[in-house]
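Listed below are the residues making up each chain.
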There are 2 protein chains.
Amino acid sequence: MARLPLYLRALTALSERSVPTVSSEELAAAAGVNSAKLRKDFSYLGSYGTRGVGYDVEYLVYQISRELGLTQDWPVVIVGIGNLGHALANYGGFASRGFRVAALLDADPNVVGSTAAGLPVRHMDELEDIVVTQHVSIGVITTPPGAAQQVCDRLVEAGVTSILNFAPTVLTVPDGVDVRKVDLSIELQILAFHEQRKAGDEPSAGDSVLDRAPGPVRAAAAKLRRAAGGGKAADQAKSTPAAKGAKGPDDDLSAVMPA
Amino acid sequence: MARLPLYLRALTALSERSVPTVSSEELAAAAGVNSAKLRKDFSYLGSYGTRGVGYDVEYLVYQISRELGLTQDWPVVIVGIGNLGHALANYGGFASRGFRVAALLDADPNVVGSTAAGLPVRHMDELEDIVVTQHVSIGVITTPPGAAQQVCDRLVEAGVTSILNFAPTVLTVPDGVDVRKVDLSIELQILAFHEQRKAGDEPSAGDSVLDRAPGPVRAAAAKLRRAAGGGKAADQAKSTPAAKGAKGPDDDLSAVMPA
DNA sequence: TAGATTGTTAATCGATTAACAATC
DNA sequence: TAGATTGTTAATCGATTAACAATC
């Protein structure tokens, strides 16, 4: 349940304000989800609410924390102490939720020996030893992309079974190992994608208002553009592009053509 | 389409190896998705493949880049130049994809005037001016959680319509404004959640193998625990907790009880 | 032509949500 | 009791995927 942390945060806020109980409606609003969904989620954890009253805030905080494993101690290694590794080592949200930075590792001799967040940066050679002796099961990779898979392999080999990957690479891992990827460029690309659709698409041949239409219309518009030889489409080996424009009903573009 | 950046990365790798064409099967494997899904995704962009051959790599790279808006210049402001803001300012993936850091902003006079990634850190007072004059439409928030909503409001007011939020807060924005949240603690919590289910749950009363069973069984197990008065359940104002254990067919736990 | 692979349909699956009986 | 709110069902929605006709 990827929504549990969301609920937990909202509940923690209520707890700090000493709110004793909360209804599914209120909590759902605070967490930004549908109240039926929230009730269903909670019902999977067991039925912790009271009809006519709502949910006991403290009790729910405890149950969700336990369900998420936040009542345990999770030693974590961070590999690659560049800017991002530094930032993560200092990240406040770690310690408060049971995540303990067991070690910072880097391959660069110039970085090894320096200090980040009060911890010494140690050399990659110590990876296996640290993972084994400190029972580390979660690894955070903040290396350059080229080194990520190699680091991942070593972590897995040493016994790590969960990896948080910040390098822009798809990691290959054996079954039983979880990988979660945080990719800043992907997040920004998605924003740019939506941004582009917002403030007035420029009215060029290849990027018209047609692109905002539903699927079939957009596909038809794309065919039109290629038929017109716009952009790189002209380079493509399309045998009879112009003839394709008016074959079946699906290809009849008169309804979507500007007058 | 949140998968386009994924495809683009796989295609870029192929492009660098000068691979001319790729089948949906191959590309899907590289991107880690189902090939039918990939073909469907591409069909929404227009039909850029050739039956019996596959997709032209270069052409697809171009089309997806254009679709994502990566052929444009996107000025971005980063607000909150702590460790994370620093890391982002230096993040290589930005510039290479058309994202240009227009300004770094911070409220702390001790930080203002310093340099990060070759750019001067400027004071929050300049926010509105920078957004307007540089036509910034994307803002990145790396402030402490308490300041995030306020910063967000100012960004939106000034004209920003896309926000990448690293602060652990749910931001409220008007319609037409996109927010994407990157929350490191949530990612780690999800890993810990799965991690907990993996290497042998300890056989305590409140955290048994029953928790791995399908929904109904787990709910029943949870009821059992409460009926048994385990954990904080005893503190709860449950009128007749013990009596609840054997009321209807749903509450019959004999089928899931250990012998 | 024969083999390969797309584009698309239709089936499947899972997630979301409205609605309401159960019950505090 | 009357009002409120949960827990859960059933309907809805959207996303995924197998399958295959179209066609290179």
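Scoring rules and cut-offs
Residues numbered from 1 in each chain as written. Chains lettered and ligands numbered in written order. Predicted model: local features only at pLDDT ≥ 70, side-chain atom pairs only at ≥ 80, totals over all residues. Heavy atoms only, no water. UniProt positions renumbered as here; feature names shortened; annotations may be inferred. Pairing = 2+ DSSP bridges. Helix = DSSP H or I, 4+ residues; strand = E, 2+ residues; numbered from the N terminus. Contact = heavy atoms within 4.5 Å. Axes fitted to C-alpha atoms, helices over the stretch in contact; angles between N-to-C directions. Buried area = accessible area lost by both parts, 1.4 Å probe. Salt bridge = Lys/Arg side-chain N within 4 Å of Asp/Glu carboxyl O. Polar contact = N/O pair within 3.5 Å; in protein donor to acceptor, adjacent residues only side chain to side chain. Nonpolar A, V, L, I, M, F, W, Y, C, P; charged D, E, K, R; others polar. Near = heavy atom within 4 Å. Buried < 20%, exposed > 50% of the residue type's maximum accessible area, 1.4 Å probe, protein only. Least-squares fit on C-alpha atoms with pLDDT ≥ 70 in both. Arc of directions from axis to C-beta. Phe/Tyr/Trp six-rings, centres within 6.5 Å; stacked < 30°, edge-to-face > 60°.

As annotated in an unreviewed UniProt entry, chain A is Redox-sensing transcriptional repressor Rex from Kitasatospora cheerisanensis KCTC 2395. The UniProt entry for chain A carries the following comment under Function (unreviewed entry): "Modulates transcription in response to changes in cellular NADH/NAD(+) redox state."

Caption draft 1: Examining the sheet that holds strand E9 (residues 162-165) of chain A more closely. Residues and elements named next belong to chain A. Strand order across the open sheet formed by seven strands is E6-E7-E5-E4-E8-E9-E10, with mixed pairing between neighbours. Of all the strands in the sheet, just strand E6 (115-116) and strand E10 (178-181) have a single pairing partner and so form its edges. When E9 meets E10, the two strands line up parallel, connected through four bridges. Bridged to serine 162 within E10 is aspartate 178. The sheet strands contacting helix H8 (residues 145-158) are strand E4 (74-79), strand E8 (138-141) and E9, and the helix crosses E8 at an angle near 170°.

Caption draft 2: Seen up close, the interface of chain A and chain B. Across the contact, 81 residues belong to chain A and 82 residues belong to chain B. Taking both sides of the interface into account, the surface hidden between chain A and chain B amounts to around 7300 Å²; carbon and sulfur atoms contribute 57%. Summed over the shared surface of chain A and chain B, the result is two salt bridges. Linking chain A with chain B are 10 residue pairs in polar contact (both at pLDDT 80 or more), by the criterion used here. Ranked by residue count, the leading element in the side of chain A that touches chain B is helix H9 (residues 184-198) of chain A, at 15 residues. When grouped by side-chain class, the residues that make up the side of chain A that touches chain B number 38 nonpolar, 22 polar and 21 charged.

Caption draft 3: Local environment of the protein's contact with DNA strand D. Around DNA strand D, 23 residues are found, and the nearest of them are A:Ser24, A:Arg39, A:Gly49, A:Tyr55 and B:Arg51. A distance of 3.0 Å separates a phosphate oxygen of DNA strand D from a polar backbone atom of A:Gly49. Contributing elements (two or more residues each) for the surface near DNA strand D: helix H3 (35-45), strand E2 (49-50) and strand E3 (54-56) of chain A together with helix H3 (35-44) of chain B. The dominant element in the surface near DNA strand D, judged by the number of residues it contributes, is H3(B), at four residues. The residue makeup of the surface near DNA strand D, split by class, is four nonpolar, 11 polar and eight charged.

Caption draft 4: Here's a closer look at the UniProt feature "binding site: NAD(+)" (unreviewed entry) in chain A. All names here are of chain A. As annotated by UniProt and renumbered to match this structure, "binding site: NAD(+)" (unreviewed entry) occupies Gly80, Ile81, Gly82, Asn83, Leu84 and Gly85. Not counting residues within four places of it along the chain, the set of residues in contact with glycine 80 comprises Gly85, Leu105, Asp106, Thr142 and Thr143. Among the structural elements, isoleucine 81 can be located in the loop between E4 and helix H5 (83-89). For isoleucine 81, a relative accessible area of 5% gives the class buried.

Caption draft 5: Inspection of the protein's contact with DNA strand C at higher detail. Around DNA strand C, the surrounding shell holds 23 residues, and the nearest of these are A:Arg51, B:Ser24, B:Arg39, B:Gly52 and B:Tyr55. When the atoms of DNA strand C within 4 Å of the protein are sorted by group, sugar and phosphate make up 63%. Take A:Lys37: an N or O atom from its side chain is 3.5 Å from a phosphate oxygen of DNA strand C. A distance of 2.9 Å separates a base nitrogen of DNA strand C from a polar side-chain atom of A:Arg51.

Caption draft 6: Main features of the relation of the copies chain A and chain B. When chain A is fitted onto chain B, the two copies agree to an RMSD of 0.1 Å after a turn of 180° and an axial shift of 0.1 Å. Given the turn and translation reported, the copies of this chain are related as if by a two-fold rotation axis. Both copies present the same face, since 100% of the interface residues in chain A are matched by interface residues at the equivalent positions in chain B.

Caption draft 7: Seen up close, H3(B). All names here are of chain B. Those residues of H3 lying buried are Ser35, Leu38, Asp41 and Phe42. Along the axis of H3, the buried residues cluster in a sector spanning 120°; they form a single face. At its buried positions, H3 is contacted by helix H1 (4-16), helix H2 (24-31), strand E3 (54-56) and helix H4 (57-68). Capping the start of H3, asparagine 34 holds a side-chain oxygen 2.6 Å from the backbone nitrogen of alanine 36, two or three residues further along.

Caption draft 8: Examining the sheet that holds E3(B) more closely. Residue and element names in this part refer to chain B. The sheet built from three strands is open, its strands ordered E1-E3-E2 with antiparallel pairing. Each edge of the sheet is formed by a strand with only one pairing partner; in this case those strands are strand E1 (21-22) and strand E2 (49-50). When E2 meets E3, the two strands line up antiparallel, connected through two bridges. Along E3, the bridge assignment pairs glycine 49 with tyrosine 55.

Caption draft 9: Focus on the packing of aromatic side chains. Residues and elements named next belong to chain B. All told, the structure shown has 10 aromatic pairs over all chains when counted by the stated rule. Arranged with centres 5.2 Å apart and planes meeting at 80°, the rings of phenylalanine 42 and tyrosine 55 form a pair that is edge-to-face. A residue pair is termed long-range when its members are at least 10 positions apart, and phenylalanine 42 in helix H3 and tyrosine 55 in strand E3 qualify at 13 residues. According to the relative accessible area criterion, tyrosine 55 is buried, its value standing at 10%. Aromatic pair tyrosine 48 and tyrosine 59: ring centres 5.2 Å apart, planes at 80°, arrangement edge-to-face. In this pair, tyrosine 48 sits in the loop between H3 and E2 while tyrosine 59 sits in helix H4, placing the two residues 11 residues apart along the sequence.

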